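Structural description and commentary
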Amino acid sequence: MSQELAMALVELNRDKAMELVKSRAEKGEDPLGILAECREGMTIVGDRFQTGEFYLSELILSGEIFKAAIAFLEPYLAKVRPPKPVGKVVLATVHGDIHDLGKNILSVLLRAQGFEVHDLGVDVSPAKIVETVKEVQPDFVGFSALITTSFPAMKETAQMLEAAGLKKEIKLMIGGGVTSPSLKEYVGADFQTIDASEGVSYCIQNMKGR
Ligand code: B12
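Bear in mind that the values here come from a model prediction, so they are computed numbers and not experimental data. (Residues numbered from 1 in each chain as written. Predicted model: local features only at pLDDT ≥ 70, side-chain atom pairs only at ≥ 80, totals over all residues. Heavy atoms only, no water.)

1. Quick word on the coordination of the cobalt atom of the ligand
For the cobalt atom of the ligand, the protein contributes exactly one donor atom, His-99 (NE2), at 2.3 Å. For His-99, the location among the structural elements is in the loop between strand S1 (87-93) and helix H5 (101-112). (Donors = N, O, S within 2.8 Å, 3.2 Å for Na, K, Ca; no water. Helix = DSSP H or I, 4+ residues; strand = E, 2+ residues; numbered from the N terminus.)

2. Some points on unusual backbone geometry
For Leu-12, which is not a glycine, the phi torsion comes out positive at approximately 60°. Here Leu-12 shows up in the loop between helix H1 (4-10) and helix H2 (14-26). Unlike most non-glycine residues, Gln-137 shows phi in positive territory, near 50°. Relative to the helices and strands, Gln-137 resides in the loop between helix H6 (126-136) and strand S3 (140-144).

3. Section: the site of the ligand
Around the ligand lies a shell of 37 residues, among which Arg-39, Ile-98, His-99, Asp-100 and Ser-144 are the nearest. At a separation of 2.8 Å, a nitrogen atom of the ligand approaches a polar side-chain atom of His-99. Residue Thr-148 places a main-chain N or O atom 2.9 Å away from an oxygen atom belonging to the ligand. When contributions to the shell around the ligand are tallied by element, the ones reaching two or more residues are helix H3 (31-50), helix H4 (56-78), H5, S3, strand S4 (171-175) and helix H9 (196-207). Residue contributions to the shell around the ligand peak at 6 residues, all from H3. Per-class residue counts for the shell around the ligand are 17 nonpolar, 14 polar and 6 charged. (Near = heavy atom within 4 Å. Polar contact = N/O pair within 3.5 Å; in protein donor to acceptor, adjacent residues only side chain to side chain. Nonpolar A, V, L, I, M, F, W, Y, C, P; charged D, E, K, R; others polar.)

4. Examining helix H7 (residues 151-163)
For H7, spanning 13 residues, the distance from its first C-alpha to its last is 18 Å, which sits close to the expected 18 Å at 1.5 Å a residue. Looking at H7, one finds that the buried residues are Phe-151, Ala-153, Met-154, Thr-157, Ala-158 and Leu-161. Along the axis of H7, the buried residues cluster in a sector spanning 165°; they form a single face. Every exposed residue of H7 that faces more than 90 degrees away from the buried side is listed here: Glu-162 and Ala-163. For H7, the elements touching its buried residues are H6, S3, S4 and helix H8 (181-187). (Expected span 1.5 Å × (residues − 1). Buried < 20%, exposed > 50% of the residue type's maximum accessible area, 1.4 Å probe, protein only. Arc of directions from axis to C-beta. Contact = heavy atoms within 4.5 Å.)

5. Considering the packing of aromatic side chains
In this structure the tally under the stated criterion is 4 aromatic pairs. Taking the centre distance of 6.2 Å and the plane angle of 65° together, the rings of Phe-140 and Tyr-202 count as edge-to-face. With Phe-140 in strand S3 and Tyr-202 in helix H9, this residue pair connects regions lying 62 residues apart in the sequence. A residue is classified by how much of its surface remains accessible, and Tyr-202, at 14% relative accessible area, is buried. Measuring from ring centre to ring centre gives 4.1 Å for Phe-191 and Tyr-202, while their planes differ by 10°; the resulting arrangement is stacked. Highlighted residues: Phe-191 in strand S5 (residues 191-193) and Tyr-202 in helix H9, separated in sequence by 11 residues. For Phe-191, a relative accessible area of 15% translates into the label buried. (Phe/Tyr/Trp six-rings, centres within 6.5 Å; stacked < 30°, edge-to-face > 60°.)

6. Side note on the packing of H5 against H9
How two helices sit against one another is set out by the angle between their axes and by the gap between those axes. Contact geometry for H5 and H9: axes closest at 9 Å, N-to-C directions at 40°. Between H5 and H9, the interaxial angle falls into the category oblique. In terms of crossing hand, the pair formed by H5 and H9 is right-handed. Residues Ile-105, Leu-106, Leu-109 and Leu-110 of H5 lie in contact with H9, whose contacting residues are Ala-196, Ser-197, Val-200 and Cys-203. Among the residues forming the contact of H5 with H9, the class breakdown is 7 nonpolar, 1 polar and no charged. (Axes fitted to C-alpha atoms, helices over the stretch in contact; angles between N-to-C directions. Parallel < 35°, antiparallel > 145°, perpendicular 65-115°, else oblique. Left-handed = near helix turned anticlockwise from the far one by under 90°.)

Right, dumping it as structure tokens:
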């Protein structure tokens, strides 16, 4: 894989990054592969932030470029939508966390597969998630997390869903760069991934027979 696009994000060169995204998509390259390279660039940005080479402004700018790439690629990712929704999904970045790029990719991919997605946004309180699950009665609930400090909020939300008798009605998914199998156990989720495509496959697989 060429690293030109990843490096354009690291260099915060929006024009070059968007030019590469557009030309590669128009040539018929898999949009998921293009997003994967953008994500590699974001990982490098994150590493540089951690070592003090980059500041918050660089995180913000690279995030904006990634957002523009997702928006441009959405029609390429969407393809043909089935006429009827195949299932319902509630998505949220939980309380204390404002990262949403990964969640937004998952949302686009799920919609492309015909799922009705209720995206609650970022920094969402446990009470809001529980209220929405009661109202929407989804098949799946997905929490996205990029910072470790949001782990207790994920667990608390899962416990509140359980206490309200809603957890047995849904499959709870968690995803995002900092999630892991041990976090899945801690939260009491049914599924964990750091790859949105795997999340979509999980939803499709679990809709069978529902
Ligand atoms: C961009 C970015 C930001 C942007 C976010 C913009 C936005 N709109 O999202 C901004 C500037 C706002 C930001 C802020 C902060 N950030 Co930040 N940020 C990043 C960065 C560089 C990239 C994250 C990203 O978008 N990756 C690309 C996406 C596509 O990947 P992803 O989220 O993993 O998603 C994929 C999968 O995981 C999956 N997926 C995601 N969610 C879900 C959910 C489900 C259900 C499923 C099935 C799948 C799924 O789908 C995606 C595609 O496959 C990371 C570095 C890194 N290594 O990740 C740091 C990073 C996450 N940030 C970090 C920090 C510390 C912060 C701040 C606290 C900084 C500060 N001092 O203020 C604040 C947080 C404020 C808060 N309360 O949330 C740390 C977290 C450290 C930790 N372990 O907790 C990181 C790791 C940087 C670092 N190395 O230090 N950040």
